[in-house]
Amino acid sequence: QVQLVESGGGLVQAGGSLRLSCSASGRTFSPYGMGWFRQAPGKEREFVAGIYWSAGNTYYADSAKGRFTISRDNAKNTVYLQMNSLKPEDTAVYYCAAYRSTLYAYPKSQNSYDYWGQGTQVTVSS
């Protein structure tokens, strides 16, 4: 069984930074890729950033480009999301997720992901 555990959320002022971490455990953990999603109150969960586990290729939602950076440490089975220049509209619960299939190219749909963490709250005050 694969488990994903996020950490690093919190309260930050607009313009500030946070780094989220997602640690994975499980004997069979061998994802093809991982991603970060977020869900604000009253809104649907949306894609933020993704990374191919082996090659390290990254891709982003337009809202994250230029401000957020996704990275991974394969040895630690951990993926990170560095968030800079945070805005109040970035306030949400952030989830990490992993997928196994090799059929998807730069997947942004949550339906493509097999494993999910429990989420970590990020609140950006104005």
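To be clear, the structure that these remarks concern was listed above.
Residues numbered from 1 in each chain as written. Predicted model: local features only at pLDDT ≥ 70, side-chain atom pairs only at ≥ 80, totals over all residues. Heavy atoms only, no water.

Peer 1: Outline the overall build of the protein, supporting the account with residue identities and numerical values.
Peer 2: Of regular secondary structure, the protein possesses zero helices and eleven strands. Seen in sequence order, the protein has helices and strands lined up from the N terminus as β-β-β-β-β-β-β-β-β-β-β. Taking 14 Å as the expected radius of gyration for a compact globule of 126 residues, we find that the protein reaches 14 Å, a close match to that expectation. Projected onto its principal axes, the C-alpha coordinates of the protein cover approximately 40 × 25 × 25 Å. Evaluated residue by residue, the protein yields a buried proportion of 44% over its 126 residues. Partitioning the intrachain contacts of the protein with sequence separation of at least 6 by distance along the chain shows that 57% fall at a separation of at least 24. Counting every atom, the protein has about 6,500 Å² of accessible surface; 44% of that belongs to carbon and sulfur. (Helix = DSSP H or I, 4+ residues; strand = E, 2+ residues; numbered from the N terminus. Rg over C-alpha atoms; globule rule 2.2 N^0.38 Å. Buried < 20%, exposed > 50% of the residue type's maximum accessible area, 1.4 Å probe, protein only. Contact = heavy atoms within 4.5 Å. Areas by Shrake-Rupley, 256 points an atom, 1.4 Å probe, with all protein chains shown as cover.)

Peer 1: So, the pattern of salt bridges: which residues are in play, and what are the values?
Peer 2: Scanning the model with the defined rule gives five salt bridges in all. Between Lys65 and Asp62 there is a salt bridge, and its shortest N-O distance comes to 3.2 Å. Ionic pairing is found between Arg100 and Asp114, a salt bridge with its closest N-O pair at 3.4 Å. Of this pair, Arg100 sits in the loop between strand E9 (92–99) and strand E10 (115–116) while Asp114 sits in the loop between E9 and E10, and the two are 14 residues apart along the sequence. Look at Asp114 and you get partly exposed, because its relative accessible area is 33%. Through salt bridges that share partners, Arg38, Glu46, Arg67 and Asp90 make up one connected network. (Salt bridge = Lys/Arg side-chain N within 4 Å of Asp/Glu carboxyl O.)

Peer 1: Which residues make up the nonpolar core, and what are the values?
Peer 2: Generally speaking, soluble globular proteins have nonpolar side chains that are buried together. Leu4, Met34, Trp36, Leu81, Met83 and Tyr94 are the most contacted members of the largest nonpolar core, which has 29 residues in total. Of all the elements in the fold, those that place two or more residues in this core are strand E3 (18–25), strand E4 (33–39), strand E5 (46–52), strand E7 (68–73), strand E8 (78–83), E9 and strand E11 (120–125). Apart from the residues lying within four places of it in its own chain, the contact partners of Tyr94 are Glu6, Leu20, Trp36, Phe37, Arg38, Val48, Phe68, Leu81, Met83, Gly119, Thr120 and Val122. Core analysis: the second largest hydrophobic core is formed by eight residues, Phe37, Tyr59, Ala61 and Tyr99 among them. (Core = buried A, V, L, I, M, F, W, Y, C linked by side-chain atoms within 4.5 Å.)

Peer 1: Can you explain the packing of aromatic side chains? Please cite residues and give values.
Peer 2: Both the distance between ring centres and the angle between the ring planes are used here to describe each pair of aromatic rings. The tally for this structure, following the rule as stated, stands at twelve aromatic pairs. Seen in terms of ring centroids, Tyr32 and Tyr99 are 6.2 Å apart; in terms of plane orientation they differ by 65°. Their pairing is edge-to-face. One end of the pair, Tyr32, is in the loop between E3 and E4; the other, Tyr99, is in strand E9, with 67 residues separating them in the sequence. Here Tyr32 falls in the partly exposed class, since its relative accessible area comes to 34%. When its relative accessible area of 0% is taken as the criterion, Tyr99 is described as buried. Residues Phe37 and Trp116 carry aromatic rings whose centres are separated by 4.9 Å and whose planes lie at 55° to one another, so their mutual orientation is tilted. (Phe/Tyr/Trp six-rings, centres within 6.5 Å; stacked < 30°, edge-to-face > 60°.)

Peer 1: An account of the environment of Ser30 is requested, with residue identities and associated values reported.
Peer 2: Topologically, Ser30 is positioned in the loop between E3 and E4. For the pair Ser30 and Asn74, spaced 44 residues apart in the sequence, the C-alpha separation amounts to 9.8 Å.

Peer 1: Can you tell me about unusual backbone geometry, naming the residues and giving the values?
Peer 2: Even without being a glycine, Ser85 presents a positive backbone phi close to 50°. You can call Ser85 partly exposed: its relative accessible area is 42%.

So far we have only geometry, and geometry alone does not tell us how the molecule works.
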